[in-house]
Amino acid sequence: MRTISGDHTVALLRKGYALLPDLRRQAGDPTVRTRLLGMRVVSVCGPEAARRFYDEDQFVRHGALPGAVQRTLTGVGAVHTLDGDAHRQRKSLFLALRDPVAVKAVVDRTAEEWDAAAKRWQQADRVVLLDEAAEVLMRAVCAWAGVPLGDAHARSASADMVALVDGFGTLGPRHWRARLARRRAEQRLEDTVLRVRAGRETVAPGSMFERVLQHRDQRGDLLDARMVAIETLNVLRPAVATTWFVAFSAHALHRWPALRLRLQEDDEPFAEAFAHEVRRFYPFAPFMGALARRDLSWDDDVVEAGTLVLLDLFGQNHDENLWEQPYVFRPERFLGRRPGAFDLVPQGGGDPATGHRCPGEDIVVETLKTLVPRLARLRYDVPEQDLAISLSRMPARPRSGVVISDVRTGG
């Protein structure tokens, strides 16, 4: 383990995703000790490091997630901040997202919403795909989860979900837009919870929303209305965040148009490989953090108790020791290869059922498998625009959001 002196907070804002890989190259070591925001930080990368990072006997999440992220992306006190039995009790809520029947229901509804939206896009002069796909995903996941939405609020509600994701990696205007969006989204859902519990509104029996409403904590108490809102948003928000991967998929099809032909052929294994490669190649979550539960022996060194350890997700997904030609977009690398729990880590690593890996990952992959062939079959023009993806912006996105025009379906 090498130490690189100085505080690299300003460098993080300037370099974004590239900072931790740059520090490792500078150190010539996969494990680097430095400082961020004045805190002791150890950056780690690789499958074995990921395996240790998700070992609850060695690391805790409580206190590791910055308040700025909780107030934008996850919500204060959400499942992401819990450990041990409290985490497993709350996490049980979300395991329905891994049920193949539920996954199919969400994806089928998403396909219906996409097909309806594609017909509307034919009447539009231009379509910003990232925003339009977000509304498709918001409508679909709310319908499946039993969360009241309504046509009049679909656009604004999906825009709030996009803002929550778009503002987690910055301290500027995007951060404050995200905080306002969270306040609006939480308040809408909290008001709905209060109406349901007062008997003035009903919720679909057996729905995900009902599961959250009826969930009890370790003491046997129902979650309060605000926490029901927060955890319901933690069902909706990750599904809508798939719009980033849809936009990245469109970006990939524009850069490598030959891939479009194979995706048009309903080649399901290739569509799945394409989905994995989009999640590997394009930058989304930069890293994840946890605190050392106790003094840990690491690479003949000691990580002191309370040290913030960052698992470099972007760096690992582009590690030449794991991926041949990691900066080449090549879906074929995943044909016949099922990603391991600790190698491909765009949404974290480990077991979603027991650890901190996103339980909605299956929905993300299946959604992309369904939408990307539809996108490949859709005919449209790509007008002049700025499609640059800056690694200094977290989360990264095509600057234009991927604008398409003259949309045609069929034929």
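For the structure, check the block above.
Residues numbered from 1 in each chain as written. Predicted model: local features only at pLDDT ≥ 70, side-chain atom pairs only at ≥ 80, totals over all residues. Heavy atoms only, no water.

Draft legend 1. Fine view of unusual backbone geometry. Put simply, Met394 and Pro395 share a cis peptide bond, and its omega is -5°. If you trace the backbone, Pro395 turns up in the loop between β10 (379-381) and β11 (403-408). Positive phi outside glycine occurs at Asp300, with the angle close to 60°. Structurally, Asp300 can be placed in the loop between β7 (296-298) and β8 (301-303). (Helix = DSSP H or I, 4+ residues; strand = E, 2+ residues; numbered from the N terminus.)

Draft legend 2. Region of interest: the pattern of salt bridges. Within the structure shown, the criterion is met by 42 salt bridges. Where Glu56 meets Arg88, a salt bridge forms, and the shortest distance between an N and an O atom there is 3.2 Å. In this pair, Glu56 is assigned in the loop between α3 (47-53) and β4 (59-60) and Arg88 in helix α5 (residues 84-91), connecting sequence segments 32 residues apart. When its relative accessible area of 41% is taken as the criterion, Arg88 is described as partly exposed. Close ionic contact of Glu361 with Arg279 constitutes a salt bridge, the shortest N to O distance being 2.3 Å. Here Arg279 lies in helix α13 (residues 268-281) and Glu361 lies in helix α15 (residues 361-377), a separation of 82 residues in the sequence. You'll find Glu361 and Arg279 in the same group, each marked buried. Several salt bridges converge on common partners, so that one network encompasses Glu132, Glu135, Arg139, Asp151 and Arg155. (Salt bridge = Lys/Arg side-chain N within 4 Å of Asp/Glu carboxyl O. Buried < 20%, exposed > 50% of the residue type's maximum accessible area, 1.4 Å probe, protein only.)

Draft legend 3. Quick look at the pairing of strand β9 (residues 308-312). Among the five residues in β9, five count as buried, and that is most of the element. Alternating residues of β9 divide into Leu308, Leu310 and Asp312 and Val309 and Leu311, and every residue in both groups is buried. In terms of strand pairing, strand β3 (residues 39-44) meets β9 through four bridges, oriented parallel. Bridging across to β9, Ser43 finds its partner in Leu310. In terms of strand pairing, strand β6 (residues 287-292) meets β9 through five bridges, oriented antiparallel. Counterpart to Met288 in the pairing with β9 is Leu311. (Pairing = 2+ DSSP bridges.)

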